[in-house]
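# Coordinate inspection notes
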Amino acid sequence: MYLILNLLGVVIFLALGIFLSRDRKSINFKSIATLIILNFFVAWFLLQFPVGRAIVEFLAGGFVWILNISFKGIAFAFPDWVNAPQMNFFTSVLMPLLMIIPLFDILTYFGILPMFLHAVGKCLAFITRQPKFESVFAIEMMFLGASSAIPISRIQLSKMNSARNLTIAMMSMNCVSAAVVGAYTQIMPPEFILTAIPLNVINSLAIVNILNPVKVLPEEDNIEKMSVESRESFFAFLNASIVNAGRIILLICAMVIGFVSLVALIDEILLNFSSLLTLENILGVIMFPFAWLLGLSVDEAFTVAKYMGTKIVTNEFVVMLQAQPHIAEYSKHMQAVLTAFVTSFANFGTIGIITGVYRDIVDKKTFELITGNAKYLMLAGILTSLLSAAIIGIFVW
């Protein structure tokens, strides 16, 4: 029964996207079908096929190895923080970013990461027949995050029409940053984190092409060179990268503390009216039908719905930290769909980041189109997360 419900969820999420599309007549259903079939194959390969499971285990082990090395650096400065019976969130999850972020920046500095991203993106374009730049950007945003992927593509974006720029902005709602994936794997089941990321890439292309179908002419289907600043010396670059990593750590920590405190404040106010009236419960009621369509029992669906709603109005770290003490108690299926849904930056705050980055890149007409369709940015983020969760859930029981 729950498997049928889960499959029905995939159909309903796609149908909802079609119903809310800005131009239903222009949807390329053949291309969408190719993307969905590819995503089912990827999910099956990574979750069920022995070679795929081995790849996921290898990647998860790689993140653990990198994290363990980073703890040596942390222990050099703060031995009592690392050699504690239980490391806190700041030490175990955020401090390793001081090594991981510069590591990815070094790969970018020497051109290794951009070369890899372009190669994978072009392969994706060939398989799915999606425009080359949109396919490459889908890969970039899963490694670099919107705040980096958009600026380094500013030459391309400035030459594209408004509709294609809206497509890129909508896709950006589902970005993550490879540098923080290690932090995610410290909190939530790593096998589902690492499976959700490629699924989000493909589902983002599918959902955005449903919500905002744009025909790209052959002469427009090209990729401009990435925009880069004048090359500075390696050690100056590395110094700036480490300092930037420190800023990101403080930003994440500040956002978690701020959001959790504000939610607690809202709950204290609401509890004066009813013992059942909390922000978490309100969001749970709103998101319940969508959570239930992920193949969950009523009780599980309400719990997941509360996490889903909280993630949309706060961020993924807040939800991951809320779920962490209980995640082992949940069924495998519930773990899978919950982890898949929260593995992205899709929340209200990300809309502000995307529009802020776009402001100085595109003309006024394009910028107003993007800001005027903020609801579609949020819709693209939610539907992509739901579709990824539903597809992963089909293969985990």
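Our structure's up above, just so we're on the same page.
Read on for a plain summary of the structure. All values reported here derive from a predicted model rather than from experimental measurement.

### Considering the overall build of the protein chain
The number of helices and strands found in the protein chain is 21 helices and zero strands. Compactness check: the protein chain gives a C-alpha radius of gyration of 21 Å against a globular reference of 21 Å for 397 residues, within 12% of the reference. With the C-alpha coordinates of the protein chain rotated into their principal frame, the extents come out at 60 × 55 × 50 Å. Sorting the 397 residues of the protein chain into buried and exposed places 53% on the buried side. Considering only contacts in the protein chain between residues 6 or more positions apart, those separated by 24 or more positions represent 79%. Looking at the protein chain as shown, the accessible area adds up to about 18,100 Å², and 69% of this sits on carbon and sulfur atoms.

### Details of helix α18 (residues 332–342)
Most of α18 sits inside the fold, with 10 of its 11 residues counted as buried. Where α18 is concerned, the buried positions are His333, Met334, Gln335, Ala336, Val337, Leu338, Thr339, Ala340, Phe341 and Val342. On its buried side, α18 packs onto α1 (2–19), α13 (190–211), α16 (298–313), α17 (316–323) and α21 (374–394).

### Topic: the pattern of salt bridges
Inspection of the entire model under this criterion finds three salt bridges. We note a salt bridge from Lys364 to Glu368, for which the minimum N-O separation is 4.0 Å. Placement of the pair is Lys364 and Glu368 together in helix α20 (residues 364–372), with a separation of four residues, close to one helical turn. For Glu368, a relative accessible area of 45% translates into the label partly exposed.

### Topic: a nonpolar patch on the surface
Together, Phe41, Trp44, Phe49, Val51, Ile55, Phe58 and Leu59 line one region of the surface with nonpolar side chains, adding up to about 670 Å² of accessible area. At the level of elements, α2 (29–47) and α3 (50–77) are the ones that each hand at least two residues to the nonpolar patch. Counting residues per element, the nonpolar patch draws most heavily on α3, at four residues. Following the sequence through the fold, Phe41 ends up in helix α2.

### What about the nonpolar core?
Counting 124 residues, the largest nonpolar core has Met188, Phe317 and Tyr358 as the members making the most contacts within it. Here this core takes 14 residues from α13, the largest share from any one element. Residues contacting Met188, with those up to four places away along its chain left out, are Ile193, Met320, Ala323, Ile327, Leu338, Thr339 and Val342.

### Section: the packing of aromatic side chains
Counted by the stated rule, this structure contains 14 aromatic pairs. Plain terms: the ring middles of Trp44 and Phe49 are 5.2 Å apart, the flat faces sit at 35° to each other, and that makes the pair tilted. Relative accessible area serves as the criterion here: at 34%, Trp44 is assigned to the partly exposed category. Assessed through its relative accessible area of 31%, Phe49 is described here as partly exposed. Consider the rings of Tyr184 and Phe317, whose centres lie 5.5 Å apart with planes at 55°: the pair is tilted. In this pair, Tyr184 sits in helix α12 (residues 178–187) while Phe317 sits in helix α17, placing the two residues 133 residues apart along the sequence. Here the aromatic cluster, defined as three or more aromatic residues joined through ring pairs, consists of Tyr109, Phe110, Phe234, Phe235 and Phe237. Here the guanidinium or amino end of Lys311 rests over the ring plane of Phe341, the centre of that ring lying 5.7 Å away.

### Re helix α8 (residues 132–144)
Look at α8: 18 Å from first C-alpha to last across 13 residues, which is about the 18 Å you get at 1.5 Å a residue. The set of residues buried in α8 consists of Phe133, Glu134, Ser135, Val136, Phe137, Ala138, Ile139, Glu140, Met141, Met142 and Leu144. Following α8 by one or two positions, Gly145 has its phi on the positive side, about 80°.

### Observations concerning the environment of Ala196
Position of Ala196 among the secondary structure elements: in helix α13. A residue is classified by how much of its surface remains accessible, and Ala196, at 0% relative accessible area, is buried. On a C-alpha basis, the gap between Ala196 and Ala389 in space is 7.6 Å, while along the polypeptide they are 193 residues apart.

### Re the packing of helix α6 (residues 97–109) against helix α7 (residues 112–128)
The interhelical angle for the contact between α6 and α7, taken along N-to-C directions, is 80°, at an axis separation of 4 Å. Taken together, α6 and α7 sit at an angle that is classed as roughly perpendicular. On α7, the residues that touch Phe104, Leu107 and Thr108 of α6 are Ile112, Leu113 and Pro114. Within the contact of α6 with α7, the residues separate by chemical class into five nonpolar, one polar and no charged.

### Remarks on the environment of Leu16
As for its placement among the helices and strands, Leu16 is situated in helix α1. Each C-alpha atom, one on Leu16 and one on Leu383, is 8.6 Å from the other, the two residues being 367 residues apart in sequence. Residues in contact with Leu16, not counting those within four places in the same chain, are Phe290 and Leu383.

Criteria and cut-off values
Residues numbered from 1 in each chain as written. Predicted model: local features only at pLDDT ≥ 70, side-chain atom pairs only at ≥ 80, totals over all residues. Heavy atoms only, no water. Helix = DSSP H or I, 4+ residues; strand = E, 2+ residues; numbered from the N terminus. Rg over C-alpha atoms; globule rule 2.2 N^0.38 Å. Buried < 20%, exposed > 50% of the residue type's maximum accessible area, 1.4 Å probe, protein only. Contact = heavy atoms within 4.5 Å. Areas by Shrake-Rupley, 256 points an atom, 1.4 Å probe, with all protein chains shown as cover. Salt bridge = Lys/Arg side-chain N within 4 Å of Asp/Glu carboxyl O. Patch = residues over 30% accessible without salt bridge, like charges linked within 9 Å, V, L, I, M, F, W, Y side chains within 5 Å. Core = buried A, V, L, I, M, F, W, Y, C linked by side-chain atoms within 4.5 Å. Phe/Tyr/Trp six-rings, centres within 6.5 Å; stacked < 30°, edge-to-face > 60°. Lys NZ or Arg CZ within 6 Å of the ring centre and 35° of its normal. Expected span 1.5 Å × (residues − 1). Axes fitted to C-alpha atoms, helices over the stretch in contact; angles between N-to-C directions. Parallel < 35°, antiparallel > 145°, perpendicular 65-115°, else oblique. Nonpolar A, V, L, I, M, F, W, Y, C, P; charged D, E, K, R; others polar.

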